[in-house]
Amino acid sequence: MIQQNQITELFQEISSAKKILIPISTPDGDAFGSALALKLILEQMGVTVVVISSFGTQGIYKKLPNAEKIINEDLYDHNLLKDQDLIIIPDTASLNQLVDLKKHKDGEFRFPESVKAVNIDHHASNTNFANLTLLDSKASSCGEIIYKLFKDKIKMSHDIALCLLVAISSDTGHFRYVCNSELLKIAAELVEYDIDMRGFIRDYYYTKTPEAMLLTGIALSRLITDKERKYCLTYLTKKDLEQGNANKDDLDQAEDEINDNLIQSVDGTDFGIRLSEDKADYTSGSLRGRTGKVDLNLIAKEIGGGGHHEAAGFHLRCSLESALIRVTETVNNILYPSPLRMLRV
């Protein structure tokens, strides 16, 4: 729960800053929507704001207001880090989510000690890496937190409302993981700012490239189900991308479709797993819940990742084959712990 003294400190830091940097973490709708909403909010408060992403701007989020102003460069050791009064990091549980670890295998990412960092987040796995952390692990999304923090401080606009609605909608699985009256009221208030819901649903729910759909089909053809442990699993290889002439945007869209729909739709399962091979020694993965019976954050934390009860992710510096073994062994150990594991302190 975020305390009033933390909120007071946040606004004190903002009021004394002239230049603020907003890094985007491992990209998803909540990360992009929250960052761009914050940019618009802080600019309305008279601050110069720069948004940077080490991972580029994912295809469907290029349509968001001010997305063209995102600096798509590696944050690691970037000159911008040294030229800020304040860094605000939304929707980020750990510092390593802000940089591409594949490019920096030998280094740990750090902010300059001379610049204060503020983290606004909702992940239970948050590592408390910032000078000031505003954490509400019960919030549906970072977008919801930002809405509540700033709604009485600024004049809401169509562009801010759109960014926040994308953030909230994305991280709730389009209101499937979390859907309560308070959240729906927030969404309704945002829609009042001339949001075209038909276009919103088309652009942010259902738009996929042909290459992304082909990748999704490959993942569907590989789907396997463990009926005893009640989960399903699928994967994509680097060769799949090359043979399908797919780029990073195509992969991102395919992964979203697999995560949000495919692996959550298998009857008789409690959750699903998606793995993607990036390089010979690097594999990313996502876990998505179907019934809420399994704590996916617990599984992800065991393999170096994190997230939420119903949705979590991880990155492994190993081959796809090794990742498959490690992930399935971890799942098996958590769902069916040995006596020795149960005795572990």
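See the structure above.
In this report, we go over the structure that sits alongside the text. Owing to the predicted nature of the structure, the values given are computational and were not obtained by experimental measurement.

**Side note on the sheet that holds strand S5 (residues 132-135)**
With parallel pairing, the five strands of this open sheet are ordered in space as S2-S1-S3-S4-S5. The sheet is open, and its two borders are formed by strand S2 (48-53) and S5, each paired with just one other strand. Shown here is a sheet whose adjacent strand axes are inclined to one another by a mean of 20°, direction ignored. Where strand S1 (residues 19-24) meets S2, six bridges bridge the pair, whose relative direction is parallel. When the sheet's bridge partners are listed, Ile 24 is paired in S2 with Ser 53. Along the sheet, helix H2 (residues 29-44) makes contact with S1, S2, strand S3 (86-90) and strand S4 (116-121), crossing S1 at roughly 170°. In the packing of helix H3 (residues 142-150) onto the sheet, the strands contacted are S3, S4 and S5, and the crossing angle to S4 comes to about 110°.

**Side note on the pairing of strand S11 (residues 311-316)**
Pairing of strand S9 (residues 282-289) with S11 involves six bridges; the strand directions are antiparallel. Paired with Gly 285 across the bridge in S11 is Phe 314. Where strand S10 (residues 306-307) and S11 come together, two bridges link them in antiparallel fashion. Note that in S11 the partner of Gly 306 across the bridge is Gly 313. Between the end of S10 and the start of S11, which pair antiparallel, lie three residues.

**Considering the packing of helix H4 (residues 158-171) against helix H6 (residues 197-204)**
Relative orientation and spacing of two packed helices are given, respectively, by the angle between their axes and the distance between those axes. Direction vectors running N to C along H4 and H6 enclose 55°, while the axes themselves pass 12 Å from each other. Judged by the angle between their axes, H4 and H6 are oblique. Here H4 runs over H6; the crossing is right-handed. When H4 is examined against H6, the residues Leu 162, Leu 165, Val 166 and Ser 169 are found in contact with a partner set consisting of Met 197, Phe 200 and Tyr 204. Tallied by class, residues from the contact of H4 with H6 come to six nonpolar, one polar and no charged.

**A look at the side chain of Arg 288**
Structurally, the position occupied by Arg 288 is in strand S9. No salt bridge is formed by the buried Arg 288; the nearest opposite charge belongs to Asp 260, separated by 4.2 Å. Engagement of the side chain of Arg 288 in a polar contact is seen with the backbone oxygen of Ala 312, the distance being 3.3 Å. Once residues within four sequence positions are removed from consideration, Arg 288 is found in contact with Tyr 177, Asn 259, Asp 260, Ile 263, Gln 264, Phe 271, Gly 272, Leu 296, Glu 310, Ala 311 and Ala 312.

Quick notes on the rules
- Residues numbered from 1 in each chain as written.
- Predicted model: local features only at pLDDT ≥ 70, side-chain atom pairs only at ≥ 80, totals over all residues.
- Heavy atoms only, no water.
- Pairing = 2+ DSSP bridges.
- Helix = DSSP H or I, 4+ residues; strand = E, 2+ residues; numbered from the N terminus.
- Axes fitted to C-alpha atoms, helices over the stretch in contact; angles between N-to-C directions.
- Contact = heavy atoms within 4.5 Å.
- Parallel < 35°, antiparallel > 145°, perpendicular 65-115°, else oblique.
- Left-handed = near helix turned anticlockwise from the far one by under 90°.
- Nonpolar A, V, L, I, M, F, W, Y, C, P; charged D, E, K, R; others polar.
- Buried < 20%, exposed > 50% of the residue type's maximum accessible area, 1.4 Å probe, protein only.
- Lys, Arg positive; Asp, Glu negative; His and termini not counted.
- Salt bridge = Lys/Arg side-chain N within 4 Å of Asp/Glu carboxyl O.
- Polar contact = N/O pair within 3.5 Å; in protein donor to acceptor, adjacent residues only side chain to side chain.

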